Amino acid sequence: MNVNEMRRELQNRLKRGRFAHSIGVANTAVNLAKRFGADEDKAYIAGLLHDCARQYEDEELIAQAENYSIEIGEVEREMPLLLHPYIGAKMIRDVYGVEDAEISQAIWRHTVGAANMTVLDKIIYFADMIEPNRKYPGVEELRTLATTADLNTIMLTALSESIIFVVQKNSLVHPDTVAARNFLLINKKK
Ligand SMILES: [Fe+2]
Ligand SMILES: [Fe+2]
């Protein structure tokens, strides 16, 4: 599939607002890729497709995870929406013909992060938080970082904000988000 065909397929599958968000993430990811020296084509495709499994309800998410032999952790069992990045990372091959391991990993990691993220992983994670359709308190400060801070400072801030956000909601903190943040802090000192 070429990129035009991918966009059309995605548009058919997602609700209007989710599709607009996906285009926003794709364009934001390209800008970040230019600034941080990542592959712009991969950034666009990863951004475009990052939420390609986002339309499924909880029951379907569980079924799709089982279909792809994705391990369902205790946090995901409690919040099946957290399965959409893993299913998306697998679906891009079947539905969009994308076989690139870096794109797949960036999609896999876009929601809760992971230790030792690549530049592309970080770009997609952050683009998802700041694309132009996003509206929440503090988003402007994060957008400013996109042009002023280095990528690890950006990620540290973004991960800390996410942890604060879920704690304030009394929600579960995913262990991979803690691992992502700890990794950055530990390796900063070295
Ligand atoms: Fe997502
Ligand atoms: Fe998203």
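Note that the coordinates shown come from a computational prediction; the quantities given were computed from them, not determined experimentally. (Residues numbered from 1 in each chain as written. Chains lettered and ligands numbered in written order. Predicted model: local features only at pLDDT ≥ 70, side-chain atom pairs only at ≥ 80, totals over all residues. Heavy atoms only, no water.)

Q: What should I look at first to understand helix α7 (residues 101–108) in this one?
A: Within α7, burial applies to Ile103, Ala106 and Ile107. One side of α7 carries all its buried residues, which in axial view fall inside an arc of 100°. Here the buried face of α7 lies against α3 (40–49), α6 (84–96) and α8 (119–130). Between a side-chain oxygen at the N-terminus of α7 and the backbone nitrogen of Glu102 the separation is 2.9 Å; the capping residue is Asp100. (Buried < 20%, exposed > 50% of the residue type's maximum accessible area, 1.4 Å probe, protein only. Helix = DSSP H or I, 4+ residues; strand = E, 2+ residues; numbered from the N terminus. Arc of directions from axis to C-beta. Contact = heavy atoms within 4.5 Å. Polar contact = N/O pair within 3.5 Å; in protein donor to acceptor, adjacent residues only side chain to side chain.)

Q: Any chance you could explain the packing of helix α1 (residues 3–13) against α3 here in plain terms?
A: Relative orientation and spacing of two packed helices are given, respectively, by the angle between their axes and the distance between those axes. Across the interface, α1 lies against α3 with an axial gap of 11 Å and an inter-helix angle of 10°. On the basis of the axis angle, α1 is roughly parallel to α3. Our pair here, α1 against α3, has a crossing hand that is left-handed. Between α1 and α3, the contacting residues are Val3, Met6, Arg7 and Leu10 on the first element and Tyr44, Ile45, Leu48 and Leu49 on the second. (Axes fitted to C-alpha atoms, helices over the stretch in contact; angles between N-to-C directions. Parallel < 35°, antiparallel > 145°, perpendicular 65-115°, else oblique. Left-handed = near helix turned anticlockwise from the far one by under 90°.)

Q: Explain the coordination of the iron ion (ligand 2) to me, please; I cannot follow it from the model alone.
A: The expected angle between donors at a tetrahedral four-coordinate metal is 109.5 degrees. At an octahedral six-coordinate metal it is 90 or 180 degrees. Taken together, His21 (NE2), His50 (NE2), Asp51 (OD) and Asp128 (OD) make up the full set of protein donors to the iron ion (ligand 2), lying 2.2 Å away. Going along the chain, you hit the donors of the iron ion (ligand 2) in the pattern H-x28-H-D-x76-D. (Donors = N, O, S within 2.8 Å, 3.2 Å for Na, K, Ca; no water.)

Q: Explain the pattern of salt bridges here, please?
A: Pairs can form between side chains of opposite charge once their charged atoms are near each other. All told, the structure shown has eight salt bridges when counted by the stated rule. With a shortest N-O distance of 3.2 Å, Arg93 and Glu99 are connected by a salt bridge. On the basis of relative accessibility, which here comes to 48%, the residue Arg93 falls in the partly exposed class. (Salt bridge = Lys/Arg side-chain N within 4 Å of Asp/Glu carboxyl O.)

Q: I would appreciate a short explanation of the packing of α1 against helix α2 (residues 16–36) in the present structure.
A: At a closest axis distance of 8 Å, the pairing of α1 and α2 adopts a crossing angle of 150°. Our pair here, α1 against α2, has a crossing hand that is right-handed. Across the interface between the two elements, Arg7, Leu10 and Gln11 of α1 pack against Phe19, Ser22 and Ile23 of α2.

Q: Would you mind showing me how to read the coordination of the iron ion (ligand 1) here?
A: Within the protein, the iron ion (ligand 1) binds to Asp51 (OD), His84 (NE2) and His110 (NE2); these donor distances fall in the range 2.0 to 2.1 Å. Mapped onto the polypeptide sequence, the residues donating to the iron ion (ligand 1) form the spacing pattern D-x32-H-x25-H. A separation of 3.5 Å is found between the iron ion (ligand 1) and the iron ion (ligand 2), which are bridged by Asp51. A residue pair is termed long-range when its members are at least 10 positions apart, and His84 in helix α6 and His110 in the loop between α7 and α8 qualify at 26 residues. Given the relative accessible area of 5%, His84 is considered buried.

Q: Help me out: how do you make sense of unusual backbone geometry in this one?
A: Although it is not a glycine, Asn116 sits at a positive phi angle of roughly 55°. Mapped onto the elements, Asn116 comes out in the loop between α7 and α8. One non-glycine residue, Asn170, lies in the positive phi region at around 65°. Structurally, Asn170 can be placed in the loop between α10 (151–168) and α11 (175–189).

Q: I'm lost on the environment of Gln64 in this one. Help?
A: As for its placement among the helices and strands, Gln64 is situated in helix α4 (residues 58–67). When its relative accessible area of 13% is taken as the criterion, Gln64 is described as buried. When near neighbours in sequence (up to four residues on either side) are disregarded, Gln64 contacts Tyr56 and Ile87.

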